[in-house]
Amino acid sequence: MSLLQLQNVHAYYGAIEALKGISLTVNEGEIVTLIGSNGAGKSTTLKSICGQVKTQGAISFNGREIGSQPPHQTASEGIAHVPEGRRIFSRLTVKENLEMGAFSVKDKKLIKERTEQAFVYFPRLKERFGQLGGTMSGGEQQMLAIARALMMKPRILLLDEPSMGLAPIIVEQIFDIIQELNREGMTILLVEQNAYQALQIAHRGYVIQTGEIIMEGEANLLLSNDQVKEAYLA
Amino acid sequence: MLYLFCGFYIHKRGFNMISEILQTLPQVLVDGLTLGAVYAVVAIGYTMVYGILEFINFAHGEIFMTGAFVGTSTLLIFNTAGLLSGMPGWVAYILILVTAMLFTGLMGVGIERVAYRPLRKAPKLITLISAIGVSFLLQDIVRFIADLKTGSFLVTGISLYNENVKIKTSSIWDSFDDAFLKTNSIIVLAVAVLLMIGLDIFINRTKWGVAMRAVAQDRETASLMSINVNKVIALTFFIGSALGGGTGVLFAQQYGTIDPYIGFILGLKAFTAAVLGGIGNVRGAMFGGLFIGVLEMFSAANLGIITSGNFGGEYKDVVAFIILITILIFKPEGLFGRAVKEKV
Ligand SMILES: Nc1ncnc2c1ncn2[C@@H]1O[C@H](COP(=O)(O)OP(=O)(O)OP(=O)(O)O)[C@@H](O)[C@H]1O
Ligand SMILES: [Mg+2]
């Protein structure tokens, strides 16, 4: 069943049209990846879903239209977005960052449980619990950003270039965790420039170029597609 | 020989000067801290709004002034209704504080909604002009109402606590003179400290307080955590304005007579306190306010002594500001400010 569906979505920054009629679907339980080069419109797609940019077209989540609602409402309905560049709150502690992720959760016990769960995925965060977010390494910050998003127990996780600026070994760890989250039932929309690794863990993929989807299909088919190979896997 | 004599003379004069300064020091500290507490709480309002919206809410001084008028008129109304004689002074005090704080808090929320939010995407200068407009508007509305009701825009309230208490600071050290303290000064200090502690706990320990800091750092990302950014901004205005209005009541009780223009100079000084502490930093604003209050009272009491009567206490603001500017030249981000703004 499709959990998230975009149909003919256009997005605008003032007069600039950054998305020119995009359609994509994410089904429950899938990892779907959206790949493309700089400025293709990947982040804009995620921002459109969250209500951070002005859009036209249909965006439905769980069968309901969400295209025109404010970001905080979309988030509280179960869409967690880990933005590009991590955007952790650098002057809040790790603990406070996680609490903010759980802002819509009223039950203190539940927050505690999920914090413990976050430590299982990311043991480093336990050691850094009282530390200011901004003093952590890039990899740790990315882990915190994902952990923070998980605190609301979302129905879908949107990840914007989680591998950005990280050492290969850390990227591997993060991708392992993404895969594990998915195995436990999390639906994931993964935006990446790192097309090879993204397609390896994804079920399906979309290729975006200058605001348009130019290709879509099973991840392993895209991996072996000549055009994709030439443009994104070189 | 002449040289030696001069040396001795200067030394002697210096000694006299120090002993004179010491004599008045307890009084300077008492008055300075009282005034500084008023600056500090008003400064918090500037710094909170700046922290979240990066703009100077120039109407904040007028919110303080409105608080002073609301508190004073509430008290006058109690009095004409004959309620005042029947209730203890502290009850009346709490009532007027709460009334003024609620009134100005809601007013702050309204001002943000009407005058600032529509301009949120506009350049900060435009919002600043809007704030200046709100200032004039508030001055004129208060002046109009005060004139209408009392026939003058100068309003003298009823002092609830105006006895003088002598503090025997001379018994601590005999270089000190005794200090005199209005009972209301104690209330000003106590209420200001309570408000500041309460705010500090709120900001650092509660969910909405943390959300406030999160929104101040990165509004966009905060909204992705299901934080309603507009609600947080409204809350910030409510708290900042309520603090400002409450301080207005303390001020009116302390100094007796108020007019619609008291917010201007006081607002400037509180704003300076916020900058001195590092704008955006709440604890910095508290410290900056106390610092400026003491500095101002120190200059008022001692300028004549230090300059052998060439400049009197009326130059206190000049001296205070020279010192402030000097500090800011060496530490432009303020005493507790962040040196560089981090990039996201
Ligand atoms: N705030 C903005 N204002 C104006 N134009 C923007 C803004 N953000 C993005 N754009 C434009 O929209 C287009 C798509 O940008 P987007 O950030 O979605 O690309 P991206 O695929 O995420 O790229 P990257 O891999 O570099 O993150 C680009 O041409 C970009 O210049
Ligand atoms: Mg991007």
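For clarity, every value in this text was computed on a predicted model and none was experimentally measured. (Residues numbered from 1 in each chain as written. Chains lettered and ligands numbered in written order. Predicted model: local features only at pLDDT ≥ 70, side-chain atom pairs only at ≥ 80, totals over all residues. Heavy atoms only, no water.)

**Considering a negative patch on the surface**
Then, in step 1: Together, A:Glu172, A:Asp176, A:Glu180 and A:Glu184 line one region of the surface with negative charge.
Then, in step 2: Considering the arrangement of structural elements, one finds A:Glu184 in the loop between helix H7 (168–183) and strand E8 (187–192). (Patch = residues over 30% accessible without salt bridge, like charges linked within 9 Å, V, L, I, M, F, W, Y side chains within 5 Å. Areas by Shrake-Rupley, 256 points an atom, 1.4 Å probe, with all protein chains shown as cover. Salt bridge = Lys/Arg side-chain N within 4 Å of Asp/Glu carboxyl O. Lys, Arg positive; Asp, Glu negative; His and termini not counted. Charge placed at Lys NZ, Arg CZ, Asp CG, Glu CD. Helix = DSSP H or I, 4+ residues; strand = E, 2+ residues; numbered from the N terminus.)

**Section: the site of ligand 1**
Residue and element names in this part refer to chain A.
Then, in step 1: Taken together, 14 residues lie around ligand 1, and Asn38, Lys42, Ser43, Thr44 and Glu84 are the ones closest in.
Then, in step 2: Between ligand 1 and Gly39, the relevant distance is 2.8 Å, taken from an oxygen atom to a main-chain nitrogen or oxygen of the residue.
Then, in step 3: Take Ala40: an N or O atom from its main chain is 3.2 Å from an oxygen atom of ligand 1.
Then, in step 4: Surface burial for ligand 1 is 63%, taken as the share of its 630 Å² of free accessible area covered by protein chains.
Then, in step 5: Elements supplying a minimum of two residues to the shell around ligand 1: strand E2 (16–27) and helix H1 (42–50).
Then, in step 6: Element by element, the count of residues in the shell around ligand 1 is highest for H1, at three residues.
Then, in step 7: Taken together, the residues of the shell around ligand 1 break down into four nonpolar, seven polar and three charged. (Near = heavy atom within 4 Å. Polar contact = N/O pair within 3.5 Å; in protein donor to acceptor, adjacent residues only side chain to side chain. Nonpolar A, V, L, I, M, F, W, Y, C, P; charged D, E, K, R; others polar.)

**Examining the coordination of the magnesium ion (ligand 2)**
Residues and elements named next belong to chain A.
Then, in step 1: Within the first shell, the magnesium ion (ligand 2) binds the protein through Ser43 (OG) and Glu84 (OE), at distances of 1.9 to 2.1 Å. Here Ser43, found in helix H1, pairs with Glu84, found in the loop between strand E6 (79–82) and helix H3 (94–101); they are 41 residues apart in sequence, far enough to count as distant.
Then, in step 2: Accessibility expressed as a relative area gives 34% for Glu84, which makes it partly exposed. (Donors = N, O, S within 2.8 Å, 3.2 Å for Na, K, Ca; no water. Buried < 20%, exposed > 50% of the residue type's maximum accessible area, 1.4 Å probe, protein only.)

**Observations regarding the sheet that holds E8(A)**
All names here are of chain A.
Then, in step 1: Ordered in space as E6-E7-E8-E3-E9-E10, the six strands form an open sheet in which the pairing is mixed. Looking along the sheet, the strands with just one partner apiece sit at the ends: E6 and strand E10 (212–218). Averaged over all neighbouring strand pairs, the angle between strand axes comes to 15°, with direction disregarded.
Then, in step 2: Sheet topology note: the strand E9 (residues 204–209)/E10 ladder contains six bridges and is antiparallel. Within the sheet, the bridge partner assigned to Val207 lies in E10 and is Met215.
Then, in step 3: Packed onto the sheet, H1 meets strand E3 (31–35), E6, strand E7 (156–160), E8 and E9 and runs at close to 145° relative to E7. (Pairing = 2+ DSSP bridges. Axes fitted to C-alpha atoms, helices over the stretch in contact; angles between N-to-C directions. Contact = heavy atoms within 4.5 Å.)

**Here we look at helix H4 (residues 108–121) of chain A**
Residues and elements named next belong to chain A.
Then, in step 1: Taking 1.5 Å of rise per residue, the 14 residues of H4 would be expected to cover 20 Å, and the 20 Å separating its terminal C-alpha atoms lies within 8% of that figure.
Then, in step 2: Those residues of H4 that sit buried are Ile111, Arg114, Thr115, Ala118, Phe119 and Tyr121. Down the axis of H4, the smallest arc covering the buried residues is 155°, so these residues share one side. Exposed residues pointing more than 90 degrees away from the buried face of H4 are listed as Lys109, Lys112 and Val120.
Then, in step 3: Contacts from the buried residues of H4 go to H3, helix H5 (123–127), helix H6 (138–150) and H7.
Then, in step 4: The backbone nitrogen of Lys109 lies 2.9 Å from a side-chain oxygen of the residue at the head of H4, namely Asp107. (Expected span 1.5 Å × (residues − 1). Arc of directions from axis to C-beta.)

**Thoughts on the domain arrangement of chain A**
The figure often quoted for interface size is the accessible area lost as the parts come together.
All names here are of chain A.
Then, in step 1: Segmentation of chain A into domains returns domain 1 (1–78 + 157–233) and domain 2 (85–153).
Then, in step 2: Here the C-alpha centroids of domain 1 and domain 2 sit 23 Å apart.
Then, in step 3: Taken residue by residue, the interface counts 16 residues in domain 1 and 13 residues in domain 2.
Then, in step 4: With both chains or domains summed, domain 1 and domain 2 bury close to 1,200 Å², and 76% of this area falls on carbon and sulfur atoms.
Then, in step 5: Taken as a group, Ile174, Ile177 and Leu181 account for 31% of the area that domain 1 buries against domain 2, more than any other trio of residues on that side.
Then, in step 6: Scanning the region where domain 1 abuts domain 2 turns up zero salt bridges.
Then, in step 7: Viewed at the interface, domain 2 and domain 1 are joined by two residue pairs in polar contact (both at pLDDT 80 or more). (Domains from an automatic or database assignment. Buried area = accessible area lost by both parts, 1.4 Å probe.)

**A few points about the packing of aromatic side chains**
Then, in step 1: Under the counting rule described, the total for this entry stands at 15 aromatic pairs over all chains.
Then, in step 2: Between B:Phe64 and B:Phe251, the ring centres sit 5.3 Å apart and the planes meet at 75°, which makes this aromatic pair edge-to-face. Of the two residues, B:Phe64 sits in helix H2 (residues 60–80) while B:Phe251 sits in helix H8 (residues 229–255), which places them 187 residues apart along the sequence. Comparing B:Phe64 with B:Phe251 shows no difference in burial state: the two are buried.
Then, in step 3: Between B:Phe287 and B:Phe336 the ring centres are 5.5 Å apart and the planes differ by 75°, which places this aromatic pair in the edge-to-face class. Note that B:Phe287 is positioned in helix H10 (residues 282–306) and B:Phe336 in the segment after helix H11 (316–330), a separation of 49 residues in sequence.
Then, in step 4: A network of ring pairs unites the aromatic residues B:Tyr46, B:Phe58 and B:Phe271 as a single cluster.
Then, in step 5: Its guanidinium or amino end placed over the ring of A:Phe89, A:Arg148 lies 5.0 Å from that ring's centre, counting from NZ or CZ. (Phe/Tyr/Trp six-rings, centres within 6.5 Å; stacked < 30°, edge-to-face > 60°. Lys NZ or Arg CZ within 6 Å of the ring centre and 35° of its normal.)

**Examining the interface of chain B and chain A**
Then, in step 1: The interface of chain B with chain A comprises 21 residues on the first partner and 22 residues on the second.
Then, in step 2: Of the roughly 2,200 Å² buried between chain B and chain A, counting both surfaces, carbon and sulfur atoms make up 58%.
Then, in step 3: Inspection of the region where chain B meets chain A yields three salt bridges.
Then, in step 4: Notably, a salt bridge pairs B:Glu220 with A:Arg87, separated by 2.9 Å at the nearest N-O pair.
Then, in step 5: Our enumeration of links across chain B and chain A arrives at eight residue pairs in polar contact (both at pLDDT 80 or more).
Then, in step 6: Per element, the largest residue contribution to the side of chain B that touches chain A is seven residues, and it comes from helix H6 (residues 207–217) of chain B.
Then, in step 7: Taken together, the residues of the side of chain B that touches chain A sort by class into nine nonpolar, six polar and six charged.

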